[in-house]
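Structural overview
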Amino acid sequence: AVVSTQSTGTAPNAQQAPSHFTVTFATTKGNLTLNVTREWSPFGVDRFYDLLQSGYFNDNAFFRVIDKPHPFVAQFGINGEPSVSKKWENADIPNDPVVQSNLRGFVSFAAEESQNGTTCCRTTQLFINYGNNSFLDPMGFSPFAYVTEGMEYADQFFAGYGEEPDQQKIYTIGNNYLKKNFPKLDYLLTAVINSEN
């Protein structure tokens, strides 16, 4: 069963995250373990840490899963309750340098593309790289974490809807829209910090 979100977080807290920490993603397919390294993407990791602390990722759909014509990404990070996602929707964080590459298993913030072809406007949406997506590196997509366990479960996220889910409707209607129109989507049920150092 999909648990309901308990998030009441407000944006942005902007606390500095630990240098390294691990996170367990409990998903509808199985558990993933992420190893997070702040020096790879400091603004990104600080935001991720804030979102984790607030419970933002509980009951998040993997609403954009692209595995054809080649493995690409599993994207998530819009809270299922519009009142929660609205608090963070326009809370942009600055760009980080790209230290790691967008290779299989690395996790990055999704972003909009600015007029000069680089990323801007990172807020809460993330993606797990399914393959070698190093072409994203020069555009400014900065990986901040790596899936150390459970990537085989990420590979199983339902990809049959492709680009169909409307992100604006997820922001305004939430999981009610997704569950009615895209019932086979997989979900991130909880995201829990395991260890910090």
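Residues numbered from 1 in each chain as written. Predicted model: local features only at pLDDT ≥ 70, side-chain atom pairs only at ≥ 80, totals over all residues. Heavy atoms only, no water.

Topic: the nonpolar core
- Counting residues in each nonpolar core, the largest one holds 34 residues, and the members touching the most others are F48 and F57.
- Ranked by residues supplied to this core, first place goes to helix 1 (residues 42-54) with 5 residues.
- If you look at the next biggest cluster of nonpolar residues, it comprises 12 residues, including A61, I78, Y171 and Y177. (Core = buried A, V, L, I, M, F, W, Y, C linked by side-chain atoms within 4.5 Å. Buried < 20%, exposed > 50% of the residue type's maximum accessible area, 1.4 Å probe, protein only. Helix = DSSP H or I, 4+ residues; strand = E, 2+ residues; numbered from the N terminus.)

Regarding the layout of surface pockets
- In this structure, the largest pocket spans a volume of roughly 430 Å³.
- As for the largest pocket, its lining consists of 18 residues, of which A110, A111, E112, Q125 and Q167 are closest to the centre.
- Taken together, the elements giving at least two residues each to the lining of the largest pocket come down to strand 5 (73-76) and helix 4 (167-173).
- Taken together, the residues that form the lining of the largest pocket break down as 9 nonpolar, 5 polar and 4 charged. (1 Å grid on protein atoms, 1.4 Å probe; cavity = no way out; pocket = protein on both sides within 12 Å on 5 of 7 lines; lining within 4 Å. Points joined across faces, edges and corners; volume = space filled by probe spheres on them. Nonpolar A, V, L, I, M, F, W, Y, C, P; charged D, E, K, R; others polar.)

A short note on the side chain of R38
- Along the chain, the position of R38 falls in the loop between strand 2 (31-37) and helix 1.
- In contact with R38, other than residues within four places in its own chain, are Q16, A17, P18, S19, V45 and D46. (Contact = heavy atoms within 4.5 Å.)

Re the pattern of salt bridges
- Per the stated rule, a full pass over the model turns up 7 salt bridges.
- Between D46 and R38 there is a salt bridge whose closest N-O contact spans 2.7 Å.
- Under the relative-accessibility criterion, R38 is labelled buried at 19%.
- R104 is the partner of D155 in a salt bridge, and the nearest nitrogen-oxygen pair spans 2.7 Å. Highlighted residues: D155 in the loop between helix 3 (151-154) and helix 4 and R104 in the loop between helix 2 (82-88) and strand 6 (106-109), separated in sequence by 51 residues.
- Judged by its relative accessible area of 37%, D155 falls in the partly exposed class.
- Owing to a relative accessible area of 37%, R104 belongs among the partly exposed residues under this scheme. (Salt bridge = Lys/Arg side-chain N within 4 Å of Asp/Glu carboxyl O.)

Regarding the sheet that holds strand 2
- An order of 3-11-1-2-10-6-9-5-4 is seen for the 9 strands of this open sheet, with the pairing classed as antiparallel. Taken across any chain shown, the strands that pair with only one partner, and hence form the sheet edges, are strand 3 (60-61) and strand 4 (64-66).
- Where helix 1 meets the sheet, it contacts strand 1 (20-27), strand 2, strand 6, strand 9 (126-129), strand 10 (143-149) and strand 11 (187-196), and its direction lies at approximately 50° from that of strand 1. (Pairing = 2+ DSSP bridges. Axes fitted to C-alpha atoms, helices over the stretch in contact; angles between N-to-C directions.)

Remarks on the packing of aromatic side chains
- For the coordinates displayed, the defined rule picks out 19 aromatic pairs.
- A ring pair is formed by F25 and F48, whose centres lie 6.4 Å apart and whose planes are at 65°; its orientation type is edge-to-face. A residue pair is termed long-range when its members are at least 10 positions apart, and F25 in strand 1 and F48 in helix 1 qualify at 23 residues. Like F48, F25 is buried.
- Ring centres of F48 and F144 lie 4.9 Å apart, and the angle between their planes is 55°; on these two criteria the pair is classed as tilted. (Phe/Tyr/Trp six-rings, centres within 6.5 Å; stacked < 30°, edge-to-face > 60°.)

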